[in-house]
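# Coordinates in review
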Amino acid sequence: MAVIEPLAAPKLLDEVIRQRRSTRHFSNRRVDQGLVEKIFQTAQWSPSVGNMQPWRSFVVSGASCDRVRQALLTAANNTGQFPPSKPALQKPGSQYVERDRALKKQLFSTVAAGKTSQQSQDILMDHNFQLYGAPHCAFVFLEQGFNERTSIDLGMYAQNLMLQMEASGIASCVQAEVCVYADLIKQQLNINEPLTLMFAISFGYQQSSDINQLKRSRAPLFETTTFYN
Ligand SMILES: Cc1cc2nc3c(=O)[nH]c(=O)nc-3n(C[C@H](O)[C@H](O)[C@H](O)COP(=O)(O)O)c2cc1C
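Quick caveat: nothing in here was measured; it's all calculated off a predicted structure.

The rules behind the values
Residues numbered from 1 in each chain as written. Predicted model: local features only at pLDDT ≥ 70, side-chain atom pairs only at ≥ 80, totals over all residues. Heavy atoms only, no water. Near = heavy atom within 4 Å. Polar contact = N/O pair within 3.5 Å; in protein donor to acceptor, adjacent residues only side chain to side chain. Areas by Shrake-Rupley, 256 points an atom, 1.4 Å probe, with all protein chains shown as cover. Helix = DSSP H or I, 4+ residues; strand = E, 2+ residues; numbered from the N terminus. Nonpolar A, V, L, I, M, F, W, Y, C, P; charged D, E, K, R; others polar. Pairing = 2+ DSSP bridges. Axes fitted to C-alpha atoms, helices over the stretch in contact; angles between N-to-C directions. Contact = heavy atoms within 4.5 Å. Buried < 20%, exposed > 50% of the residue type's maximum accessible area, 1.4 Å probe, protein only. Parallel < 35°, antiparallel > 145°, perpendicular 65-115°, else oblique.

Our next topic: the site of the ligand. In the vicinity of the ligand lie 14 residues, with S22, R24, Y132, R216 and R218 positioned nearest. At 2.9 Å, a side-chain N or O of N128 approaches a nitrogen atom of the ligand. A distance of 2.7 Å separates an oxygen atom of the ligand from a polar atom in the side chain of R216. When isolated, the ligand has an accessible area of 620 Å², and the protein chains bury 68% of it. With three residues, strand β3 (residues 171–175) is the largest single contributor of residues to the shell around the ligand. Class assignment of the residues belonging to the shell around the ligand gives a composition of five nonpolar, three polar and six charged.

Below you can see the structure in the form of structure tokens.
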């Protein structure tokens, strides 16, 4: 029977997973293009149903990133002209709603202290549409013909991208909020194929800032995981 040899540095992997966090303020310093390509090349080794690899990434950097950022901001401030598409309604249980509320409270306190809830939400959205100032953003689409179940593959792919970024000192933030302007993003990227935008990953080097220092938490293990021995 083939034996999987443990890697020399399992502790390092544990550290990279725990250390990765959503960064919401980036410096404008660009990541070397060779490193960016290497990260996306390695993420190709993510698992997928039937090895179909249904992810399609469009990575914008520098001026092309600025163009998309500007288009998103313009749309967000002219909702009459660019109506955002509404995401499907979700009905999570109360403990999930509570976790989301706790996160929003922290985020609002850093970008919109003293504002009303609606104002805070709008300000945070603006930061989202500014891609948090990142010099790079990957827009990750699902190929035509796949359903929600296959979209899990894109989650695995995204995590592999972000862990490699973390291990290389590059910060990142997944952003599903930008999907309300999926059509506009496709137009900006000259995409005419029937691809579905699932999320964006803004990335670059972290800017020191309160919003990047938020205390993070996770549910206790036994709240989410059951072991049968
Ligand atoms: C699919 C997905 C979509 C997300 N969308 C957004 C987003 O639009 N804007 C944002 O600021 N953070 C977004 N996040 C980041 C989450 O808020 C973050 O992962 C969560 O609060 C846990 O914090 P951590 O990533 O720092 O561990 C998203 C995360 C995931 C996995």
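Right, let's talk about the sheet that holds strand β4 (residues 196–204) for a bit. Taken in spatial order, the four strands make up an open sheet running β1-β2-β4-β3, and their pairing is antiparallel. Looking at which strands have only one partner, the edges of the open sheet turn out to be β1 (55–61) and β3. Shown here is a sheet whose adjacent strand axes are inclined to one another by a mean of 20°, direction ignored. Pairing analysis gives seven bridges linking strand β2 (residues 136–142) to β4, with the strands arranged antiparallel. Each residue of the ladder has a partner; that of H136, found in β4, is F203. Here helix α6 (residues 152–167) sits on the sheet in contact with β1, β2, β3 and β4, set at roughly 5° to β4.

Structurally, N212 is set in the loop between β4 and α8 (221–224). The class for N212 is buried, based on a relative accessible area of 3%. Measuring from C-alpha to C-alpha, the distance between N212 and T74 comes to 26 Å, with 138 residues separating the pair along the chain. Those residues in contact with N212 that lie beyond four places of it in its chain are R21, T23, R24, H25, Q206 and Q207.

Time to look at the packing of helix α4 (residues 94–111) against helix α5 (residues 117–129). Where α4 meets α5, the axes come as close as 10 Å, and the angle between the chain directions of the two elements is 80°. Classified by the interaxial angle, the pair formed by α4 and α5 is roughly perpendicular. When α4 is examined against α5, the residues K104, L107, F108 and V111 are found in contact with a partner set consisting of S117, S120, Q121, I123, L124 and H127. In the contact of α4 with α5, the residues fall into five nonpolar, four polar and one charged.

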